[in-house]
Amino acid sequence: MELIQNTPDLSAYLAADEVIDHYHPLVREAAAQLAKSAVNSYAYAHAAYDFVRDTIPHSADSGDPRVTWRASTVLEQRTGICHAKAHALAALLRAEDIPTALCYQRLARDDGDGHAVHGLVAVRFNGAWHRQDPRGNKAGVDAQFSLDGERLAWIPGGKSNEMDYPVLYAEPHPVVLGALKAAPDRPYLWQTLPTAL
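Residues numbered from 1 in each chain as written. Predicted model: local features only at pLDDT ≥ 70, side-chain atom pairs only at ≥ 80, totals over all residues. Heavy atoms only, no water.

Caption draft 1: Focus on the packing of helix 1 (residues 25-36) against helix 5 (residues 82-95). With their axes 9 Å apart at the nearest point, helix 1 and helix 5 run at an angle of 65 degrees to one another. Between helix 1 and helix 5, the interaxial angle falls into the category roughly perpendicular. In the crossing of helix 1 with helix 5, the sense of the turn from one axis to the other is right-handed. Seen from helix 1, the contacting residues are Val27, Arg28, Ala30, Ala31 and Leu34; seen from helix 5, they are Ala91, Leu92 and Ala95. Looking at side-chain class alone, the contact of helix 1 with helix 5 contains 7 nonpolar, no polar and 1 charged residues. (Axes fitted to C-alpha atoms, helices over the stretch in contact; angles between N-to-C directions. Helix = DSSP H or I, 4+ residues; strand = E, 2+ residues; numbered from the N terminus. Parallel < 35°, antiparallel > 145°, perpendicular 65-115°, else oblique. Left-handed = near helix turned anticlockwise from the far one by under 90°. Contact = heavy atoms within 4.5 Å. Nonpolar A, V, L, I, M, F, W, Y, C, P; charged D, E, K, R; others polar.)

Next comes the structure, spelled out in structure tokens:
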């Protein structure tokens, strides 16, 4: 699949906004801590990925009802669904001048009742985009940071109308962000997450 930037301006994938708020002191502090032991930008990106994947539980896995969507809030509260964790990782990467995009998949729900949009990031290294899934591993899920072939949590299957969306967004998709902002808790969010983009 060819990944397509939604804007040709690469600087858009370094920008801060209300969601990917890499100017926030919490984001800056976390980035500085991760950068201390990183010998280069690749090592930093890998460390930031591991940090978000492994130290911020996916709220569905942990049973946390809180809904987060702003990167700094995800870091502060240490919880979030896939989209929130993608926002946090994007902020940490952009804080160290690594172009990072938000991207999405359409996946069948675990309970078999319809579909949900799943959030990922893509990082730009060596002139190419590489998708990463910081969702968090669990039984049956083994996502890894990789620039040499994707190691995502899930690979969409064509038989169930699952799909990869090829567009790389500089900002969160408005339909996804709207659902996150409007949800008072995760059970409500589960009923209102978009089923497609």
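Caption draft 2: Structural detail: the pairing of strand 2 (residues 100-108). In terms of burial, strand 2 is a largely internal element, 8 of the 9 residues being buried. Sheet analysis places strand 2 next to strand 3 (residues 115-125), joined by 9 bridges and oriented antiparallel. The residue bridging arginine 106 from the neighbouring strand is valine 117, located in strand 3. Between the antiparallel neighbours strand 2 and strand 3 lie 6 residues, among them glycine 112 with a positive phi of about 80 degrees. One ladder, built from 2 bridges, connects strand 2 with strand 5 (residues 163-164); its direction is antiparallel. Paired with arginine 106 across the two strands is methionine 163, which belongs to strand 5. (Buried < 20%, exposed > 50% of the residue type's maximum accessible area, 1.4 Å probe, protein only. Pairing = 2+ DSSP bridges.)

Caption draft 3: Up close: the side chain of arginine 135. Note on placement: arginine 135 falls in the loop between strand 4 (128-132) and strand 5. The class of arginine 135 is buried, set by a relative accessible area of 5%. Excluding residues that lie within four positions of it along the chain, arginine 135 makes contacts with His58, Asp61, Cys82, Lys85, His118 and Trp154.

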